Amino acid sequence: MTSRSALRRLSLLLFVLPALLSPALSRAEFLAGIAFRVVTPDPLLPVSGGIGPSKPTLKKEGDLTVRAMVVSDGVTKVAFVSADFLGFPSALGNRARAKVKGIPPENILIGATHTHSAPDAYGFPDGKGGTAADLKYLDSVVERMAEAINEAATQLRPATLKIATGEAKGKIAFNYYADRLYDPRCHVLQALGSDGKPFATLVNYAIHPEVLGSDRGICSPDLIGPLYQRLEEKGAGIGIFMNSAQGGMVTADNRGTDGKSARTWEECQRIGHLLADEALRIVDDAPVQKEPKLHCEARPLTFPVDSKELRAVMAASPLTLGPKNATNITTQFNLVNLGNAQILSIPGEALPNIGYYLKRNMRGEHNLLFGLTNDAFGYILTRVDWSSFKTYSYVSRTCLGEKTGEVLIEEALRFVAEAPAPEKLAASR
Ligand SMILES: [Zn+2]
């Protein structure tokens, strides 16, 4: 009996020992990595701020980048990707996903910062039967995006996580249609190395980076470039920005005392730096989550396509944005639980009231919406807003149709209800 139980103890030890010796294989250990690539076209290309012809450029301010933050619990890997473009359609995103090793395509969330000063990634009609989209340039962007994701994944290292939500104070954003109808909450995810120092900081906030706009002759990440620069200077590591529910019409507050908009690079710097400072203030005293749980799900999300304008864009684009004459369009819809946060992707520009409603019904202690993510199908309005105020005529025209908001809300609530809830920290503290 004695020798048998000793044997059992030995075999138990042999079973447990490898797990103790290789912490990277243990499910509990949290890993994170981040990488980026510069994608400023050289020579410069025209830039796009929306449907219609692109505008010529004479110079650049800052550099356009594609960035990837990869997180892992040792088993599941998820990539958060951000690209300095107006939108990044899945026609391109799926090509980047196909070049990534070791992360399932459905665990790769690709968002656009929504800068209005980058080359056209849609192939918008130029009104002369062509498009300004440079397919060769877009190929190189796809290539570099995949490189950034692969590099972030190969550089995964043991990490802890800080997650925080707070009101970003100061002159950063406002609603151009109705000053105060915007969500000032800024969410921050920060990965810290074993030395306790941050090496990656994700900022999630709703804003149109259109300080410069598309008609200044400038290629630029707009305020997002200075945001990244400041985060790095302040010791927060590499930054990554994911936009939120910034539709109709949450924009950068570059209003001068004379009532006119300051459309300068200095103003991009002022707003980008202030948002970085606020994000770091908000995350500063957040508790450190040592082994945050990670869960990622994806499902298809289908919208009816009623808008003539958006149908024409899809039909004319050389990028195969969807089936020709499509009556509906489908994209990837993601839900991620990370520590005590829940993240939901939105494939477009949801109005801020939709953002408030979704966040209120999500199940994290921090609820993040990644807007313009996995696709950007234009504005997302509820049916009571759609084609209502004269002010909403532009956002209604560039919305897939009257049902878009309700489809998103219904599918989001179902997704949240059917997925597991993220862990809670508040109760245990
Ligand atoms: Zn927009």
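Preceding block: the structure.
Computed from a prediction, not measured in an experiment: that's the story for all the values here. (Residues numbered from 1 in each chain as written. Predicted model: local features only at pLDDT ≥ 70, side-chain atom pairs only at ≥ 80, totals over all residues. Heavy atoms only, no water.)

Sorry, what's going on with the overall build of the protein here?
Each helix and strand counted, the protein has nine helices and 20 strands in total. Its C-alpha atoms give the protein a radius of gyration of 22 Å, near enough to 22 Å, the size a compact globule of 429 residues would have. Principal-axis analysis of the C-alpha atoms places the extent of the protein at approximately 90 × 45 × 45 Å. Split into buried and exposed, the 429 residues of the protein put 57% on the buried side. Within the protein, contacts between residues separated by at least 24 positions form 80% of all contacts whose residues are at least 6 apart in sequence. Counting every atom, the protein has about 18000 Å² of accessible surface; 55% of that belongs to carbon and sulfur. Charge separation in the protein, taken as the distance between the mean sites of 48 positive and 45 negative side-chain charges, equals 4 Å. (Helix = DSSP H or I, 4+ residues; strand = E, 2+ residues; numbered from the N terminus. Rg over C-alpha atoms; globule rule 2.2 N^0.38 Å. Buried < 20%, exposed > 50% of the residue type's maximum accessible area, 1.4 Å probe, protein only. Contact = heavy atoms within 4.5 Å. Areas by Shrake-Rupley, 256 points an atom, 1.4 Å probe, with all protein chains shown as cover. Lys, Arg positive; Asp, Glu negative; His and termini not counted. Charge placed at Lys NZ, Arg CZ, Asp CG, Glu CD.)

Before we go on, may I ask you to explain the nonpolar core in this structure?
Soluble globular proteins tend to bury their nonpolar side chains together. Counting residues in each nonpolar core, the largest one holds 70 residues, and the members touching the most others are Phe85, Phe88, Met145, Ile149, Leu344 and Leu408. If sequence neighbours within four positions are ignored, Phe88 has contacts with Ala83, Gly93, Ile110, Ala112, Tyr122, Val141, Met145, Asn374 and Asp375. In terms of nonpolar packing, the next biggest core, distinct from the first, is built from 32 residues, Val250, Ala252, Trp265 and Ala286 among them. (Core = buried A, V, L, I, M, F, W, Y, C linked by side-chain atoms within 4.5 Å.)

Where do I start with the coordination of the zinc ion in this structure?
Octahedral metals with six donors have ideal donor angles of 90 or 180 degrees. Tetrahedral metals with four donors have an ideal donor angle of 109.5 degrees. Bound to the zinc ion are the protein donor atoms His114 (NE2), His208 (NE2), Glu349 (OE) and Tyr379 (OH), situated 2.0 to 2.6 Å from the metal. The sequence pattern describing where the donors of the zinc ion fall on their chain is H-x93-H-x140-E-x29-Y. One end of the pair, His114, is in the loop between strand S5 (108-112) and helix H3 (135-154); the other, His208, is in the loop between strand S10 (198-205) and strand S11 (218-219), with 94 residues separating them in the sequence. Accessibility expressed as a relative area gives 2% for His114, which makes it buried. When its relative accessible area of 1% is taken as the criterion, His208 is described as buried. (Donors = N, O, S within 2.8 Å, 3.2 Å for Na, K, Ca; no water.)

Looking at this structure, how should I read the sheet that holds strand S19 (residues 366-370)?
Backbone-to-backbone hydrogen bonds join strands into a sheet, with any given pair of strands oriented parallel or antiparallel. Strands sit in the order S15-S16-S17-S19 across an open sheet of four strands; the sheet is mixed. Edge positions in the sheet fall to strand S15 (294-304) and S19, since each of these pairs with one other strand and no more. Here the strands of the sheet are splayed against their neighbours by 15° on average, with no regard to which way each runs. In this structure, strand S17 (residues 341-345) lies alongside S19, joined through five bridges in parallel fashion. Following the sheet pairing, Leu344 is matched in S19 by Leu369. The sheet contacts of helix H9 (residues 404-418) involve S15, strand S16 (328-338) and S17, and relative to S15 the element is tilted by about 155°. (Pairing = 2+ DSSP bridges. Axes fitted to C-alpha atoms, helices over the stretch in contact; angles between N-to-C directions.)

Looking at this structure, how should I read the sheet that holds strand S4 (residues 77-83)?
Here we have five strands laid out as an open sheet, ordered S5-S4-S3-S1-S6, and mixed in their pairing. Pairing within the sheet leaves two strands with one partner each, and these edge strands are S5 and strand S6 (157-158). Pairing between S4 and S5: five bridges, direction parallel. Counted as the bridge partner of Ala79 is Ile108 from S5.

I'm lost on the pairing of S10 in this one. Help?
Remark: a regular strand shows side chains that alternate across the two faces of the sheet. For S10, the tally of buried residues reaches seven of eight residues, placing the bulk of the element in the interior. As paired strands, S10 and strand S12 (residues 238-243) are joined by six bridges and run parallel to one another. Note on S12: the bridge partner recorded for Leu202 is Ile240.

Quick question: what am I supposed to make of the pairing of S4 here?
Counting buried positions over the seven residues of S4 gives six, a clear majority of the element. Alignment of strand S3 (residues 65-72) against S4, held across seven bridges, turns out to be antiparallel. Within S4, the residue paired with Met69 across the bridge is Phe80. As consecutive antiparallel partners, S3 and S4 are separated by four residues, and within that stretch Gly74 has a phi angle of approximately 95°, a positive value. The parallel pair S4 and S5, bridged by helix H2 (residues 90-98), forms a crossover whose chirality is right-handed. (Right-handed = clockwise from strand over helix to strand, strands pointing away.)

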